[in-house]
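Structural features, examined
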Amino acid sequence: MILREILNKTVEIIGDDDINLDTESKKRTRLLACANMIYHELTTEYVQLKNRETVTFSDKRVYYPEFSKKVKDILGVYKNGASVEFRLFPLYVEADLEGGAEVSYLYHSDELALGDSVLLPPQYTAFVLANGIASEYFYRSGLTDEAVFYKNRYDTAILNLSRRRQSITLKAGRM
């Protein structure tokens, strides 16, 4: 899903004909800021963004800026498919290795531009995100009644989508 698609749905919800995604304006800038805030909030609180990449350990360390994404937490270090013990420090991760190893980690989201892909599981649709962005846009515009309405819709949808569904078994009853 592309951010532009989500913002088009958001503009439909807002109903403001003055918002044009193709030209620079205060409203477009505000809309992008709202979208990035909602995306960051969602990926911080509900959805864990994961990545796995090969990095080079030197002196048994690899510093966080050497990763391709902003590291949030290290999940595992692997050398030739085998798990390796590691220790986390504020500036780097340490393991008893030298050279290349695969690291699995959680990362923080980056700022999105109009043409960027929004990396989320498929249950989070453009319409759900558009409700959240519209809510934040209304808050920033001073329209609190509309903001509360769309915030409730967004929060309910996110809560329902984020729950782990477990199947239940009903025992046969006697009649």
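Residues numbered from 1 in each chain as written. Predicted model: local features only at pLDDT ≥ 70, side-chain atom pairs only at ≥ 80, totals over all residues. Heavy atoms only, no water.

A closer look at helix α3 (residues 126-141)
Between its terminal C-alpha atoms α3 stretches 22 Å, which fits the 22 Å expected from 16 residues at 1.5 Å a residue. In terms of burial, α3 is a largely internal element, 12 of the 16 residues being buried. Within α3, burial applies to A126, V128, L129, A130, N131, G132, I133, A134, S135, E136, Y137 and F138. The inward-facing, buried residues of α3 contact α1 (3-14), α2 (26-45) and α4 (144-162). Downstream of α3 by a residue or two, G142 has a phi angle that is positive, lying close to 85 degrees. (Helix = DSSP H or I, 4+ residues; strand = E, 2+ residues; numbered from the N terminus. Expected span 1.5 Å × (residues − 1). Buried < 20%, exposed > 50% of the residue type's maximum accessible area, 1.4 Å probe, protein only. Contact = heavy atoms within 4.5 Å.)

Brief notes about the packing of aromatic side chains
The final tally for this structure, using the stated rule, is 7 aromatic pairs. By way of ring pairs, the aromatic residues Y64, F67, Y105 and Y107 are connected into one cluster. Just above the ring of Y137 sits the side chain of R30; from NZ or CZ to the centre is 5.6 Å. One residue, K69, lies across the ring of Y107, its end atom 5.1 Å from the ring centre. (Phe/Tyr/Trp six-rings, centres within 6.5 Å; stacked < 30°, edge-to-face > 60°. Lys NZ or Arg CZ within 6 Å of the ring centre and 35° of its normal.)

Considering the sheet that holds strand β3 (residues 70-79)
Within the open sheet, the 4 strands sit side by side as β1-β7-β3-β4. Their pairing is antiparallel. Whereas interior strands pair on both sides, the edge strands pair on one side only; in this sheet they are β1 (49-57) and β4 (82-84). Taken pair by pair, the neighbouring strands of this sheet meet at an average axis angle of 40 degrees, ignoring direction. Pairing of β1 with strand β7 (residues 99-108), which is carried by 9 bridges, proceeds in the antiparallel orientation. Across the sheet, the residue bridging to R52 is S104, located in β7. (Pairing = 2+ DSSP bridges. Axes fitted to C-alpha atoms, helices over the stretch in contact; angles between N-to-C directions.)

Observations concerning the nonpolar core
A general trend in soluble globular proteins is that nonpolar side chains are found buried together. The biggest cluster of nonpolar side chains holds 50 residues, and the ones touching the most others in it are L7, L31, F57, F67, I74 and V77. At 8 residues, the largest contribution of residues to this core is made by α3. Once you skip the residues sitting within four places of it in the chain, F57 turns out to touch V62, V77, V93, A95, L97, E98, G99, A101 and V103. (Core = buried A, V, L, I, M, F, W, Y, C linked by side-chain atoms within 4.5 Å.)

Details of the pairing of β7
The side chains of a regular strand alternate, first on one face of the sheet and then on the other. Examined bridge by bridge, β3 and β7 share 7 bridges and lie antiparallel to one another. Its bridge partner lying in β7, V71 is registered against Y107.

Observations concerning the sheet that holds strand β5 (residues 86-88)
Strand-to-strand pairing in sheets goes through backbone hydrogen bonds, with the strands running parallel or antiparallel. Judged by pairing direction, the sheet is antiparallel, and its 3 strands sit side by side in the order β2-β6-β5 without closing on themselves. The open sheet has two edge strands, β2 (61-63) and β5, and neither has a second partner. Each neighbouring strand pair of the sheet contributes to a mean axis angle of 20 degrees, computed without reference to strand direction. With 3 bridges connecting them, β2 and strand β6 (residues 92-95) associate as antiparallel partners. Each residue of the ladder has a partner; that of Y63, found in β6, is Y92.

Side note on empty space enclosed by the protein
This model, assessed by the stated rule, comprises 1 cavity of 30 Å³ or more. Taken together, L3, I6, A35, I38, Y39, L112, V118, L129 and I133 make up the lining of the largest cavity. For the lining of the largest cavity, the secondary-structure elements that each account for two or more residues are α1, α2 and α3. When residues of the lining of the largest cavity are assigned to their parent elements, the largest contribution, 3 residues, is made by α2. When grouped by side-chain class, the residues that make up the lining of the largest cavity number 9 nonpolar, no polar and no charged. (1 Å grid on protein atoms, 1.4 Å probe; cavity = no way out; pocket = protein on both sides within 12 Å on 5 of 7 lines; lining within 4 Å. Points joined across faces, edges and corners; volume = space filled by probe spheres on them. Nonpolar A, V, L, I, M, F, W, Y, C, P; charged D, E, K, R; others polar.)

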